[in-house]
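Geometric and topological summary
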Amino acid sequence: MPEERITVSALTERAHCNRDTFYYHFDNIDDLTLSVVEQLFSPAIPIAIIESIEQRGPLKLDDEVKRGSERAYRLLAKRPSLKPLAVQRSKSLWADQLKGGVESLSLEDQVLLDFVISGAMDALVSCSMREEMLSIEDGMALIASFVGEETLHRFSRMKKRQA
């Protein structure tokens, strides 16, 4: 069924559940979609990116994380209105890996993080719209080559120090 034709009634009928059950969990279809996007963005991504920077090696993601990320980027390609929410989700995942969270970063580092996350998301969404889809690892490696080593090491230095 085309996405624009999905309704709460059609969804609940197909899922064999009551509309009240749907509305107990979600406000509307967009809320459901956002929930799916949040589940598809894995905390493993910022961890893997920081590890690949520190080890100067390739990005290593397990297959489940790769599939979830690729689904998320395809979904964002179809629903661009969800991008600000997806960017916020990515920022919160990065905040979990940064010392003191995003708020403790300098304004300069916050702007840099916003720029890189937003730009990376745009690039990966764009890749997902092409017939020959770039893998998540190849897409991240390409973005890393554009961002530059100094920026990548800056993110690595922002990482929470383990106690």
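Located above this text is the structure these notes cover.
This one's a predicted model, so the numbers in the text were calculated from it and none came from an experiment. (Residues numbered from 1 in each chain as written. Predicted model: local features only at pLDDT ≥ 70, side-chain atom pairs only at ≥ 80, totals over all residues. Heavy atoms only, no water.)

1. Some remarks on the pattern of salt bridges
As a reminder of what qualifies: By salt bridge we mean one thing: a side-chain nitrogen of Lys or Arg within 4 Å of a carboxyl oxygen of Asp or Glu. Counting from the N terminus, the helices are DSSP H or I runs at least four residues long and the strands are E runs at least two residues long. Each residue gets one of three labels from its accessible area relative to the maximum for its type: buried under 20%, exposed over 50%, partly exposed in between, using a 1.4 Å probe on protein chains only.
Evaluation of the coordinates by the stated rule reveals three salt bridges. Its salt-bridge partner being lysine 66, residue aspartate 63 comes within 3.3 Å of it at the nearest N-O pair. Highlighted residues: aspartate 63 and lysine 66, both in helix α5 (residues 63–78), separated by three residues, approximately one helical turn. Taking relative accessible area as the criterion, aspartate 63 reaches 49% and is therefore assigned partly exposed. Where lysine 91 meets aspartate 114, a salt bridge forms, and the shortest distance between an N and an O atom there is 2.7 Å. Of this pair, lysine 91 sits in helix α6 (residues 83–97) while aspartate 114 sits in helix α7 (residues 107–129); the two residues are 23 residues apart in sequence, bridging distant segments of the chain. Under the relative-accessibility criterion, lysine 91 is labelled buried at 16%.

2. Focus on the packing of aromatic side chains
What counts here: Geometry of aromatic contacts follows a simple scheme: Phe, Tyr and Trp rings, the Trp one being its six-membered ring, pair when their centres are within 6.5 Å, and the pair is stacked under 30 degrees between planes, edge-to-face over 60, tilted otherwise.
Counted by the stated rule, this structure contains two aromatic pairs. Judged by centre distance (5.3 Å) and plane angle (90 degrees), the rings of phenylalanine 22 and tyrosine 23 are edge-to-face. According to the relative accessible area criterion, tyrosine 23 is partly exposed, its value standing at 38%. Both rings, one in phenylalanine 22 and one in phenylalanine 26, keep their centres 5.4 Å apart while their planes meet at 40 degrees; by these two values the pair is tilted. Take phenylalanine 22: its relative accessible area is 6%, and that puts it in the buried class.

3. Looking at the packing of helix α4 (residues 44–55) against α6
The following threshold applies: Between the N-to-C directions of two axes lies an angle of 0 to 180 degrees, each axis being a line fitted to C-alpha atoms and, for a helix, fitted only over the stretch in contact. When describing relative orientation, an angle under 35 degrees is termed roughly parallel and one over 145 degrees roughly antiparallel, while 65 to 115 degrees is termed roughly perpendicular and anything else oblique. By convention, the crossing between two helices is left-handed when the near helix turns anticlockwise from the far helix through less than a right angle, and right-handed when the turn is clockwise. Contacts between residues were defined by any pair of non-hydrogen atoms, one from each residue, lying within 4.5 Å. Under the scheme applied, nonpolar residues are Ala, Val, Leu, Ile, Met, Phe, Trp, Tyr, Cys and Pro; charged residues are Asp, Glu, Lys and Arg; polar residues are all the others, including Gly.
Contact geometry of α4 with α6 gives a least axis separation of 8 Å together with a crossing angle of 55 degrees. Considered as vectors, α4 and α6 are oriented oblique to each other. By crossing handedness, the relation of α4 to α6 is classed as right-handed. Here Pro46, Ile47, Ile49 and Ile50 of α4 come into contact with α6, specifically with Leu93, Trp94 and Gln97. Residue composition of the contact of α4 with α6, grouped by class: six nonpolar, one polar and no charged.

4. Looking at the packing of α5 against α7
Interaxial distance between α5 and α7 falls to 8 Å at its minimum, and their mutual angle equals 90 degrees. As judged from the angle between their axes, α5 and α7 are roughly perpendicular. Contacts between α5 and α7 pair Tyr73, Arg74, Leu76 and Ala77 from the former with Met121, Leu124, Val125, Ser128 and Met129 from the latter. When the residues that make up the contact of α5 with α7 are grouped by side-chain class, the tally is seven nonpolar, one polar and one charged.

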